[in-house]
Structures are given as C-alpha cells and as structure tokens.
Amino acid sequence: MKRWWFVLILCFGMVLALAACSSDEPADSTENGQKEPEDEAAVQTGGTLRLAAFASPTALGIPWELRSTYDFFISTPALEKLGRYTADGTTEPHLAERWEENPEEATITYYLREGIQFHDGTPFNAEAVKWNLDNYMESGRIELEGIESVSVIDEYTVQVKLESWMSSMVHNINHFVPMISPTAYEDMGRDEALKHPVGTGPFQFEAWIADERITFKRFDQYWQEGKPYLDAIEFVLYADSTTASLSLQGGEVQGFISVPPMEANKLDQLPDFTVLNLETGLGSLAHGLIFDTANPDSVFSDVNVRKAVAYAIDREAIVDNLVYGYGIASNQWGVPGSPTFNDEITIGYDPDRARQLLAEAGYKDGVKIKFSAVNDPETQQRATAIKGYLEDVGFEVELNIIDDALFREITSAAPNKPWEGLMQYNFRGDSDLATYMPRNFSPQGTTYAHNIIHPEDIQALYPEIRSATNQDDYQKVAYELQRLVFEEHALAVAIFVGTNPVAVHQSVQDTGINEGHASEWKPENAKLSQ
C-alpha cells in the first residue's frame, strides 16, 4: 500500500492573538489517487453516484445526535460545517469565511459567508449558528464543554466566549457541529428531523428507506456557483460486506465505503477499482490493548508486566499480514508524522526485552493472564495472533471471546463493570490529545476509565494542553502525555491505526474521500467520467 506522511498542523497551531484564518472559495482537490481527467470533455456532469454501505446510520439530521463516522459521512451531502479538514490535515474555512482566535480574551469570532441559504429557503446567518451551538451545548454532549456563551455580533458575525482558553475548541466547533436549519427542525420536531437533514449542502435530502437506501438530489440554489456536478447521490445499504463488494464489482454501485481490509485487498487487485486510504489517522479507528490496572491484585498492577506486553507484539507483522496493509503501525496515540507523535518513544517488537521484563517482575517461569476480545472474525484473528506473541515470551493466555454487547458494557464507564486482565482497546486515531485522550485516561473518561489507574502526573497535564496558546507549547505537553501513558506508566498498548479503506470505480472523480478526515468528503466536487 502506498503511504505518504503528511505534515498535520492542528488548528491551535495557527493560534496567535487575533490571528485570522481565511479563504475566498474552497479549492477543488485531486488528492488521494483521484486525478482530474486530462480530457475535460470526458467529465460527465450529471448522473447519480451510488455508494455501498453495510451499516446504517443512527441519525442524519441533528448535529448533537450524530455519533459515528457513518452518521457524519452519509449526512455530508446535505450538511456542511463552519470549517473542514484539508488533504494535509489542516482546517480550512467552509461556511465561515474566516475566524479569529484570541487566547487572551478567550474568544473565537466567526465571520460567515453571505448569501447562503438552507434547503428550506431560510437564511444561513449568525442567528442560525448561535442556535446550532446553543442546542448542541444544551444536549449534554461534551465536545463544546467550556463555552461560556455564544453571541450574535451582527448578521454574519458570531462570537464564542470560552470560560478559559481551550486550544482545541475551534477544532471541536468546526468538526462536530454541522449546521441545520433552525426553522426546519422546529417545524418537523426531533423524530422527523433525526432522519431528515436540512442543511446548506450541495444535495438536499430526498428519502431514507430503512435497510435499503438513502438518497439526496441536487440542490439548485447551492452557494458554490456551478456546483454540484452530479444530479444525485445514493447510499445503498447492504446486510454484509461481501454482498456490497459483489455489487460494486457488478456495477450496481460505483463505490463502497469503510471496506473491511480483506475485501479491500481483493478489490485493489482488480483493474477497474481504486482503494482510497486515510493516512492522517483523523477519524479512524485505532487498535490496541488495555490493562485492568485499577485492580491491585492483577498481574498488570506491575508496570514491568505491562511493558512486557508492549514489547512482545510485532505491530508491523499484524498490519502486513492480518490487516493486508490497510493500517499504520503505531506505538502511541495517532500515527507517525503527526504533530503529537513522540518519536523518542521507541517501544517496538523485542521479545527478548519482554522476557527480561517478565523476569524482573518475578515471572521468569511465566504467568497466567486472561485476554478478552470481541467475536467478529477479524478481531478474533488478530487476538489469536496476539495470544501467540504473548505466549512466545512467557505468558500463558486464556483467550476469552465475548460478544459486542458485553464488550460495550464492561468497557463503558457508566455501568462500572470491570473486565479481568487484558482487554481489546479501540480508540480514535486523531492526534488531538486534548480532546480525545481524557475520554479514556482520566477519572471522568467515558470508556475504559473505570478500570485503570489515573496517575497524577498525567492528570496534571490536561489543563496545560487545553490552555496552550501556540503549537510549540501544545506539542511539548503532548509529547510528555504520550511518554507517560504509553511508556512510563504503560497504561495501554497501541498497535495500529486503520486507514478506513474506501473502494471506488475508476469513473469516480474528485470526491475528497479520505483526504483529511474519515468522516468528511467533498460531494460538491464529485464527478463521474464517461
């Protein structure tokens, strides 16, 4: 798999007092293997882009109820955000013309594009932005925690006042809050709005037939002149990935989103298809292992035993042989090359070091452990391989295969039901540690946090990283967090970050899929060549 390493600058990296971020018109992109055809006459305007999916979204039309990558991705033809990710991982203005961040005053001021309307004909303006942000905050979602107030300055200017400066708030506002029509929501009510997105996007919602298809049609009053190029976008819902893959090969659809690695590997061998891979890690699922360190009687209460696990696993071999190359090996949060990736952390495959650490912990003759993993085929295959690596260095492993419902119950902090021993660890591959790391590694964390220790030196760094006013300060704290979590305390073992493969027919052009963030793309630019 072709890999390129990007220079990812988080939005806080552009923070200067009253620094502005601007753009006159979003640029077209031809990244990620989808090149503009040389013969422009061959580009077909019109037509319907059909994309296969083998999981249904849970919501489409209410920002504070969008939770999964599927929800965001499938709603994108209709819903747009104030800003969005680019191919190099930076954040560019979209519905906002620009924004200004003032750390000293703890404010973010958005200057909105003028002349944009929602699909119901109502205006997109500062009042609409305030309504969306206020309702998001009132929902109880944590992404906007720390906002004191949202104020309308004039028709196209809105100011967000923070309780104290937060380095990741621009990212959170831009990424988590697509804009919907307040009028449409109030007219339809929550239940209808949940499945009927009314936004500013290039396509307006047409229908959602449960377990069958979701369709969007061209919005003729779209604010970017001459766009979109397609007549419609349709998501065809399948019960399983094999059927979806066969439909792509048979020409029933032109693309397949979130393809399982085995299917992606098969499709990549066919001449008429391209597999688009996410190299930034943003929005992708990362995989690893986590320990029951909160249990003082656990063998994993000894940090040397935890480190032995970290050194026992061959990450590159797992990526190459079990994920078919559709992953990026990593020994910490995020992917190599990202701004918060600490290159000085050198934990890697070293079975001799693992055996030495076990001996130092008093387990020269080995130790019994329990390892739990979910019962889907790909996870079981990886778990079996991990079991082999661990047994090779002296662990005696009881592999405990559980269903997804039990996994969610015992890894969610709310039920407070601890697991025993070693547990499969799924987390976000994003490099924004201020937003995502506390979700697992703080006492207030929502997943895994109830069954692990929370060292004070880690907790002390969260306020520092949240309040950083420049990239150098943020990066310094991020590097130390990575070192403490994955090396000194070894609270978890990172193995790889998925690349979220999406397979498309060669006729599909300029979608922006997997260029910046797994859940974002550019349907207004998408075309079908003849």
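Residues numbered from 1 in each chain as written. Predicted model: local features only at pLDDT ≥ 70, side-chain atom pairs only at ≥ 80, totals over all residues. Heavy atoms only, no water.

1. A look at the pattern of salt bridges
Note the threshold: A pair is scored as a salt bridge if a Lys or Arg side-chain nitrogen falls within 4 Å of a carboxyl oxygen belonging to Asp or Glu. For each residue, the accessible area found with a 1.4 Å probe, counting protein chains only, is set against the maximum for its type, and the residue is called buried under 20%, exposed over 50%, and partly exposed in between.
Tallied over the entire structure, the rule returns 23 salt bridges. As a salt-bridge pair, lysine 417 and glutamate 409 come within 2.5 Å of each other at their nearest N and O atoms. The class for lysine 417 is partly exposed, based on a relative accessible area of 40%. One network of salt bridges, with partners in common, ties together Arg50, Glu212, Arg213 and Glu234.

2. Topic: the pairing of strand S11 (residues 213–218)
Going by this rule: Pairing between two strands is assigned when DSSP locates at least 2 bridges connecting them. Helix and strand assignments come from DSSP, with helices taken as H or I runs of at least 4 residues and strands as E runs of at least 2, each series counted from the N terminus.
In terms of strand pairing, strand S10 (residues 203–209) meets S11 through six bridges, oriented antiparallel. Looking across to S11, one finds that phenylalanine 205 is bridged to phenylalanine 216. Here S11 pairs with strand S12 (residues 232–237) via five bridges, running antiparallel. Bridge pairing links lysine 217 to alanine 232 in S12.

3. So, the packing of aromatic side chains
Applicable threshold: Stacked, tilted and edge-to-face pairs are distinguished by plane angle, under 30 degrees for stacked and over 60 for edge-to-face with tilted covering the rest, among Phe, Tyr and Trp rings (Trp via its six-membered ring) whose centres lie within 6.5 Å. For a Lys NZ or an Arg CZ to count as sitting over a ring, it must be within 6 Å of the ring centre and within 35 degrees of the ring normal.
With the rule as written, the count across this model stands at 21 aromatic pairs. Each ring, one from phenylalanine 235 and one from tryptophan 521, has its centre 6.4 Å from the other, and the planes form 90°; the classification is edge-to-face. Residue phenylalanine 235 is found in strand S12, and its partner tryptophan 521 is found in the loop between strand S22 (508–509) and strand S23 (527–529); the two are separated by 286 residues along the sequence. The burial state of phenylalanine 235 is the same as that of tryptophan 521; both residues are buried. Look at phenylalanine 441 and phenylalanine 486: their rings are 6.4 Å apart centre to centre, the planes differ by 75°, and that puts the pair in the edge-to-face class. Pair noted here: phenylalanine 441 is in the loop between helix H13 (433–436) and helix H14 (456–459) and phenylalanine 486 is in helix H16 (residues 471–488), with a separation of 45 residues, a long-range link. There is no split in this pair, since phenylalanine 441 and phenylalanine 486 are both buried. Connected via pairs of aromatic rings, a cluster forms that spans Trp333, Trp419, Tyr425, Phe427, Phe441, Tyr448 and Phe486. Cation over ring: arginine 98 sits above tyrosine 111, and NZ or CZ is 3.9 Å from the ring centre. The cationic tip of arginine 353 hangs over the ring face of tyrosine 311; the distance from NZ or CZ to the ring centre is 6.0 Å.

4. Description of empty space enclosed by the protein
Here is the rule we go by: Cavity and pocket criteria rest on a 1 Å grid covering protein atoms alone: a 1.4 Å probe that fits but cannot get out defines a cavity, protein on both sides within 12 Å along at least 5 of 7 lines defines an open pocket, and an atom within 4 Å of a point defines a lining residue. Grid points are joined across faces, edges and corners, and a volume is the space filled by probe spheres set on the points. Three categories are distinguished: nonpolar for Ala, Val, Leu, Ile, Met, Phe, Trp, Tyr, Cys and Pro, charged for Asp, Glu, Lys and Arg, and polar for the others, with Gly belonging to the last.
Inspection of the entire model under this criterion finds six cavities of 30 Å³ or more. By volume, the largest cavity is sized at about 140 Å³. For the lining of the largest cavity, the per-class residue count stands at five nonpolar, three polar and five charged. Of the volumes computed, that of the second largest cavity is approximately 120 Å³. Within the residue set of the lining of the second largest cavity, elements represented by two or more residues are strand S15 (285–291), strand S17 (367–374), helix H11 (377–393), strand S19 (422–428) and strand S20 (492–498). At four residues, the largest contribution of residues to the lining of the second largest cavity is made by H11. When its residues are assigned to classes, the lining of the second largest cavity shows eight nonpolar, five polar and one charged.

5. What about the confidence of the model for the chain?
Note the cut-off: Each residue carries a pLDDT score, the predictor's confidence in it, ranging from 0 to 100. Should any heavy atoms of two residues lie within 4.5 Å, those residues are considered in contact.
When pLDDT is averaged along the chain, the result is 92; 92% of the residues meet or exceed 70. Across residues 1–25, confidence stays below pLDDT 50; counting only partners more than four residues off in sequence or on other chains, it has 81 contacts. A low-confidence stretch, residues 27–31 stays under pLDDT 50, and its non-local contacts, those more than four residues away or across chains, total 15 contacts.

6. Focus: the nonpolar core
Threshold: Note on terminology: a nonpolar core comprises buried Ala, Val, Leu, Ile, Met, Phe, Trp, Tyr and Cys residues joined through side-chain atoms within 4.5 Å.
If you look at the biggest cluster of nonpolar residues, it comprises 107 residues, and the most contacted ones within it are Leu82, Tyr110, Ile173, Phe235 and Phe441. If one sorts the elements of this core by residue count, H16 sits on top with seven residues. Phenylalanine 235 has contacts with Leu51, Phe73, Ile74, Pro77, Glu212, Arg213, Ile214, Phe216, Ile257 and Trp521, leaving out every residue within four places of it along the chain. Ranked by size, the runner-up nonpolar core spans 52 residues in total, among them Ala244, Ala310, Leu322 and Ile347.

7. Quick word on the environment of proline 63
As for its placement among the helices and strands, proline 63 is situated in the loop between strand S3 (48–53) and helix H1 (69–75). Proline 63 has contacts with Asn132, Tyr136, Arg141, Phe176, Val177, Pro178 and Ile180, leaving out every residue within four places of it along the chain.

8. What about the sheet that holds strand S14 (residues 273–276)?
In spatial order, the strands read S10-S11-S12-S3-S13-S21-S14; together these seven strands make up an open sheet with mixed pairing. The open sheet is flanked by S10 and S14, the only strands paired with a single partner. Both S3 and S12 contribute to a ladder of six bridges, which runs parallel. Bridge assignment links threonine 48 to a residue of S12, and that residue is alanine 232.

9. So, the side chain of arginine 439
Within the secondary structure, arginine 439 is located in the loop between H13 and H14. Look past the residues within four positions of arginine 439 in its chain and what remains in contact with it is Ile142, Glu143, Phe176, Gly445, Thr446 and Thr447.

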